[in-house]
Amino acid sequence: MLDFDDIQHFLMSRPPARAARYEFLSFRSGVGGRAWLTGLIDKVGTAGAVGSSLLDARWVTVGFTWNGLQTLGVAEASLANFPEEFRQGMAARAGVLGTAGANHPDHWVGGLASPNLHAIVVLFARDVAERERCRGEHGRYVAQCGGVEVLSSLDLEAIPPFDYAHEHFGYRDRLSQPVIEGTGMEPTPGSGPPIKPGEFFLGYPDEEGPAAALPQPEILSRNGSYVAYLRMQEHVGAFRDFLRAHGETPEQQELIAAKLMGRWRSGAPLVLAPDKDDPKLGADSQRSNDFNYAKMDPHGYGCPLGAHIRRMNPRDTATNMNRRKMIRRGGTYGPPLPEGVPDDGIERGIAAFVGCASLVRQFEFAMNVWTNDPNFHELGNERDPIFGTQDGTFDMTIPKRPIRKKIIGLPAFTTIRGGAYFFLPGIKALRYLGPLRDGV
Ligand code: HEM
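Residues numbered from 1 in each chain as written. Predicted model: local features only at pLDDT ≥ 70, side-chain atom pairs only at ≥ 80, totals over all residues. Heavy atoms only, no water.

Caption draft 1: Structural detail: the site of the ligand. Near the ligand lie 25 residues; those nearest to it are Leu175, Ser176, His308, Asn313 and Arg328. Here an oxygen atom of the ligand and a side-chain polar atom of Asn313 are 2.8 Å apart. A distance of 2.8 Å is found between an oxygen atom of the ligand and a side-chain nitrogen or oxygen belonging to Arg328. When residues of the shell around the ligand are traced back to their parent elements, those giving at least two are β5 (225-234), α11 (308-312) and β7 (349-356). (Near = heavy atom within 4 Å. Polar contact = N/O pair within 3.5 Å; in protein donor to acceptor, adjacent residues only side chain to side chain. Helix = DSSP H or I, 4+ residues; strand = E, 2+ residues; numbered from the N terminus.)

See the structure below:
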């Protein structure tokens, strides 16, 4: 039922990429933007093509901001059909998202908060050499197109050792993700049934019923998705200092790290391994999601109510969960900070995308309620300890018998350095956009 030849591969599959590059583009004119797009369409990976050839070495995705669609020449009547939050763009939604203080768009880098941001091209590459080859090729192509300017770019590389995905704090990542009905993938135990495709791709039945109304013309929106991009700096030195300040022994420090996340750095979930790490469990995809909260850990003695994974997917302790699922994509940037070395001040972090069919229902809800509402789960004065907007005034409760532990005044371990909303059109939509004309 899913149109694999039209849907961009991005949210459907995760290619084996160890390097990436994101380029943020501005079109000086509609003509320039359309010329750039037309020459690139054949390089964009479809869900059907990606993974079908052993020779795959790089995977290309393109997306547009609402301003970008406007500059490409999409008619005003059609632009008005797109949802309000997408039209406004991420920077204008700071109030809803809770991106205040150091996370506020006033401090964002790379032109991401600028109305001149029109498009993104995401390149995932098998390795750094292939990324560099593509960087040169795209640079030459942009120069030849004329009316396109690269506002900024970001190079990403996986952190060694490469045998498991992890981020700069050292947590194993990519453990839990929704499975989309119709892709043929089987959910791992505990992950719930496959989610209807309309939760991620426009034009398909969703968890509510038949396909929701599409922005018109249909050719532009069908098989498209929205993605929220976030560049999140990780303060590794501050994170390690915090663990040392709150744990006397390495074992206690590991436990504090696990309580913040809800999983040990090995990936083992606290619900299943509350007292001691179990690296074999963390590495076992058939077991590492096989848990719930309401029945197995209602008071949070294993996984605190405010831990990152319990907030971002409250599982059986929240309603309407199938309508709030998000697909996460992205990678790490910046050099890893070796253990025992003081912070070198170099920016490092995660630059990631959250993919969905409704930014407001899925991504913005997660930011507004799960991440930054201090009273989520009636916690009173807490935000997501890993990713919430922290300024030293919010706490973290670690339920424990006989006396719970409360960490007062959590520091910020991450800072949002930028973000944007993009629409990832299907391939037919890209072909529709290419021949548009200004003011028609
Ligand atoms: C620097 C910021 C972040 C870090 C270091 C981080 C790290 C992690 C890690 C290590 C996991 C566990 C692995 C897994 O379950 O797949 C995880 C899970 C998750 N994160 Fe984040 N994350 C960050 C930001 C975000 C953001 C911005 C969102 C979405 C708005 C998000 C949503 C999720 C979700 C949905 C899960 C899966 C929870 C589950 O299903 O149990 N995270 N994160």
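Don't stop here, the text continues.
Caption draft 2: Expanded view of the environment of Pro298. Looking at where Pro298 falls in the secondary structure, it is placed in the loop between α10 (279-282) and α11. With a relative accessible area of 44%, Pro298 lands in the partly exposed category. Taking the C-alpha atoms as reference points, Pro298 and Val271, 27 residues apart in sequence, are found 9.9 Å from one another. Look past the residues within four positions of Pro298 in its chain and what remains in contact with it is Tyr293, Leu305 and Arg310. (Buried < 20%, exposed > 50% of the residue type's maximum accessible area, 1.4 Å probe, protein only. Contact = heavy atoms within 4.5 Å.)

Caption draft 3: Representation of the side chain of Arg324 within the structure. Structurally, Arg324 is set in the loop between α11 and β6 (327-333). In this structure, Arg324 is buried with no salt-bridge partner, the nearest side chain bearing the opposite charge being Glu199 at 8.4 Å. At 3.0 Å, the side chain of Arg324 and the backbone oxygen of Arg361 are in polar contact. Contacts of Arg324, omitting those with residues within four sequence positions, involve Arg361, Gln362, Phe365 and Trp370. (Lys, Arg positive; Asp, Glu negative; His and termini not counted. Salt bridge = Lys/Arg side-chain N within 4 Å of Asp/Glu carboxyl O.)

Caption draft 4: Structural detail: the nonpolar core. Within the largest apolar cluster, 88 residues are counted, with the highest numbers of intra-cluster contacts made by Trp36, Phe64, Phe86, Phe363 and Leu433. At six residues, the largest contribution of residues to this core is made by helix α12 (residues 359-371). When neighbours within four sequence positions are excluded, Trp36 is seen to be in contact with Leu25, Phe27, Val62, Phe64, Ala119, Val121, His138, Tyr141, Val142, Cys145 and Val148. (Core = buried A, V, L, I, M, F, W, Y, C linked by side-chain atoms within 4.5 Å.)

Caption draft 5: Representation of the coordination of the iron atom of the ligand. Donor atoms from the protein around the iron atom of the ligand number only one, His308 (NE2), found at 2.1 Å. With respect to the helices and strands, His308 occurs in helix α11. (Donors = N, O, S within 2.8 Å, 3.2 Å for Na, K, Ca; no water.)

Caption draft 6: Region of the structure containing the pattern of salt bridges. The full count for this structure, using the stated rule, is 32 salt bridges. With its nearest N and O atoms 2.8 Å apart, the salt bridge here joins Arg133 to Glu130. Separated by three residues within a single helix, Arg133 and Glu130 lie in helix α6 (residues 128-145), roughly one turn from each other. We note a salt bridge from Glu132 to Arg131, for which the minimum N-O separation is 2.8 Å. Judged by relative accessible area, which is 32%, Glu132 ranks as partly exposed.

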